Amino acid sequence: QVQLVESGGGLVQAGGSLRLSCAASGRTSSMYAMGWFRQAPGKEREFVAAFRWSRGNTYYADSVKGRFTISRDNTKNTVYLQMNNLKPEDTAVYYCAADKSVVFTTSASRYDDWGQGTQVTVSS
């Protein structure tokens, strides 16, 4: 199993920036992809961004493309989500997830391990 711990959430004003971190431990060698998802109250968990670990490919939801950047630090087993130009609709609990499958996916149901989430609130 992979243990994931998110951090970096908080309250920011619209147009501001925030950087989320996801520290991974455990069987990190089994990770095929790391993804960020978010979920607002009463809404389904949605894909935000993902990083294909071995290749370095990145994928983004249309709603965050151009504003968010996913990256990694191999020495720290950490994945980051740099969020710029935040909007109120970005408000949600953000979750880090690890996928051990060899088939890349943006579907939350296909990811194996999840962090506890970190709250991001963007005020108007």
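Residues numbered from 1 in each chain as written. Predicted model: local features only at pLDDT ≥ 70, side-chain atom pairs only at ≥ 80, totals over all residues. Heavy atoms only, no water.

**Student:** Looking at this structure, how should I read the sheet that holds strand β1 (residues 2-7)?
**Tutor:** Note: strands within a sheet are paired through backbone hydrogen bonds, in either parallel or antiparallel orientation. On the basis of which strands lie adjacent, the open sheet formed by 4 strands has the order β1-β3-β8-β7 and antiparallel pairing. What marks the edges here is a single partner per strand, and that holds for β1 and β7 (68-73). Each neighbouring strand pair of the sheet contributes to a mean axis angle of 20 degrees, computed without reference to strand direction. (Pairing = 2+ DSSP bridges. Helix = DSSP H or I, 4+ residues; strand = E, 2+ residues; numbered from the N terminus. Axes fitted to C-alpha atoms, helices over the stretch in contact; angles between N-to-C directions.)

**Student:** Please clarify how the environment of Met-34 should be interpreted in this entry.
**Tutor:** Secondary-structure assignment places Met-34 in strand β4 (residues 33-39). When its relative accessible area of 0% is taken as the criterion, Met-34 is described as buried. When the C-alpha atoms of Met-34 and Ser-21 are compared, they prove to be 12 Å apart, with 13 residues separating the residues in sequence. (Buried < 20%, exposed > 50% of the residue type's maximum accessible area, 1.4 Å probe, protein only.)

**Student:** Sorry, what's going on with unusual backbone geometry here?
**Tutor:** In terms of backbone geometry, most residues other than glycine have negative phi values and most peptide bonds are trans. For Asn-77, which is not glycine, the phi dihedral falls at a positive 50 degrees. With respect to the element layout, Asn-77 can be found in the loop between β7 and β8 (78-83). On the basis of relative accessibility, which here comes to 28%, the residue Asn-77 falls in the partly exposed class. The residue Asn-85 is not glycine, and still its phi comes out positive at about 50 degrees. Among the structural elements, Asn-85 can be located in the loop between β8 and β9 (92-99).

Everything listed is a geometric property; what it means functionally is a separate question.
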